[in-house]
Amino acid sequence: MDWTDLIDVAFDVAGNSSSDHRAAAVRTMESTVLPGEQPVAATAARHPDHFRKGALVLTNQRLLFLKDGKPPIPVPLEAVTDVTVTRTRINGEVIKVVALTGAHRFDEVVKAEPFAEQVRVSARAARNAAQAPAPAAGPAPAGGGDLLDQLERLAALYTAGALTDEEFARAKHRLIG
């Protein structure tokens with residue numbers, strides 16, 4: 001699957017037949033691709049800051065929301081600590097992604113649960129790849145500084161009110177084990 005196929009799938013699911021919007025989304029995606037980034041899955045969703053649906057694109061490195069050629073809203077997968085799906089009367093199926101970079105909500109997600117599971121699996125793989133031992137350039141710092149940094153960022157999000165008590169506890173539990 002290439003980027004064009006992925007965007008086409010998401011726009012078909014969203015019911016958006018505008019070839020201009022599709023072309024703009026493909027151009028935006030191709031201009032922001034990171035080295036080694038590969039497409040994984042896509043679906044249609046609406047970001048609370050946008051009126052119309054766009055494409056929610058999962059890669060092996062990031063989760064991106066694309067709409068009408070605007071700059072994507074990126075969520076790095078290695079920072080994702082929790083992905084939940086809820087259903088509301090007004091917003092349909094909702095995916096909430098909690099990451100060390102902030103919390104993100106996507107409404108009216110098509111096939112939300114299977115897509116959320118793909119995000120969970122990809123996030124786990126990205127975290128494992130990020131934690132894989134790199135070639136030794138010198139002695140490693142003692143005391144798990146990376147875990148401490150992640151916990152501090154999580155606490156900052158909680159203190160800022162970006163996370164509920166339940167989300168904070170769940171994310172902390174996932175980080176600690």
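Refer to the structure presented above.
Computed from a prediction, not measured in an experiment: that's the story for all the values here.

*Asks:* Explain the sheet that holds strand β2 (residues 54-59) to me, and be specific about the residues and the numbers.
*Replies:* Within a sheet, adjacent strands bond to each other through the backbone by hydrogen bonds, running parallel or antiparallel. One open sheet accounts for four strands, arranged β1-β2-β3-β4; its pairing is antiparallel. Strands with a single pairing partner mark the edges of an open sheet, and in this sheet they are β1 (39-45) and β4 (73-76). For this sheet, the mean inter-axis angle between neighbouring strands, taken without regard to orientation, is 15°. In this structure, β1 lies alongside β2, joined through six bridges in antiparallel fashion. Each bridged residue has a counterpart across the sheet, and for A42 the counterpart in β2 is V57. Lying on the sheet, helix α3 (residues 112-131) is in contact with β1, β2 and β3 (62-66); it crosses β2 at an angle near 35°.

*Asks:* Let's hear about a negative patch on the surface: which residues, and what values?
*Replies:* There is a patch of like negative charges on the surface, built from E78, D146, D149 and E152. Following the sequence through the fold, D149 ends up in helix α4 (residues 145-159).

*Asks:* Tell me about the nonpolar core, residues and numbers included.
*Replies:* In this structure, L63, L77, V80, I95, F106 and F115 are the most contacted members of the largest nonpolar core, which totals 30 residues. At the level of elements, β1, β2, β3, β5 (80-88), β6 (92-99), α3, α4 and α5 (165-176) are the ones that each hand at least two residues to this core. Among the elements that make up this core, the one with the highest residue count is α3 (six residues). Not counting residues up to four positions away in its chain, the partners in contact with L63 are L56, V57, L58, I73, P74, V75, L77, V97, F106, F115 and V119. In this structure, A42, V57, L64 and L66 belong to the second largest nonpolar core, which totals five residues.

*Asks:* Tell me about α3, residues and numbers included.
*Replies:* Here α3 spans 28 Å end to end across 20 residues, near enough to the 28 Å set by a 1.5 Å rise per residue. Taken together, the buried positions of α3 are occupied by A112, F115, A116, V119, R120, S122, A123 and A126. Residues of α3 that are buried sit in contact with β1, β2, β3, β5 and β6.

*Asks:* Hey, could you go over the sheet that holds β6 for me, with residue numbers and the actual values?
*Replies:* Reading across from one edge, β5-β6-β7 is the order of the three strands in this open sheet, with antiparallel pairing throughout. Because the sheet does not close on itself, it has two edges, and the strands there are β5 and β7 (102-106). Across the sheet, the mean angle from the axis of one strand to that of its neighbour is 15°, orientation sign disregarded. Pairing analysis gives eight bridges linking β5 to β6, with the strands arranged antiparallel. Bridge assignment links T86 to a residue of β6, and that residue is V94. The sheet strands contacting α3 are β5 and β6, and the helix crosses β5 at an angle near 175°. Strands in contact with α5 are β5 and β6; relative to β5, the strand with the most contacts, it is inclined by about 140°.

*Asks:* Describe the packing of aromatic side chains, and please don't skip the residues or the numbers.
*Replies:* Applying the stated rule across the entire model yields one aromatic pair. Measuring from centroid to centroid gives 6.1 Å for F65 and F106, while their planes differ by 35°, and the two rings are tilted. In this pair, F65 sits in strand β3 while F106 sits in strand β7, placing the two residues 41 residues apart along the sequence.

*Asks:* Report on the side chain of T81, specifying residues and quantitative values.
*Replies:* Mapping T81 onto the fold places it in strand β5. Exposure remark for T81: the relative accessible area of 5% places this residue in the buried category. Each residue touching T81, except ones within four places of it in the same chain, is listed here: V98, A99, L100, A171 and R174.

Reading the values: the criteria
- Residues numbered from 1 in each chain as written.
- Predicted model: local features only at pLDDT ≥ 70, side-chain atom pairs only at ≥ 80, totals over all residues.
- Heavy atoms only, no water.
- Pairing = 2+ DSSP bridges.
- Helix = DSSP H or I, 4+ residues; strand = E, 2+ residues; numbered from the N terminus.
- Axes fitted to C-alpha atoms, helices over the stretch in contact; angles between N-to-C directions.
- Contact = heavy atoms within 4.5 Å.
- Patch = residues over 30% accessible without salt bridge, like charges linked within 9 Å, V, L, I, M, F, W, Y side chains within 5 Å.
- Areas by Shrake-Rupley, 256 points an atom, 1.4 Å probe, with all protein chains shown as cover.
- Salt bridge = Lys/Arg side-chain N within 4 Å of Asp/Glu carboxyl O.
- Lys, Arg positive; Asp, Glu negative; His and termini not counted.
- Charge placed at Lys NZ, Arg CZ, Asp CG, Glu CD.
- Core = buried A, V, L, I, M, F, W, Y, C linked by side-chain atoms within 4.5 Å.
- Buried < 20%, exposed > 50% of the residue type's maximum accessible area, 1.4 Å probe, protein only.
- Expected span 1.5 Å × (residues − 1).
- Phe/Tyr/Trp six-rings, centres within 6.5 Å; stacked < 30°, edge-to-face > 60°.

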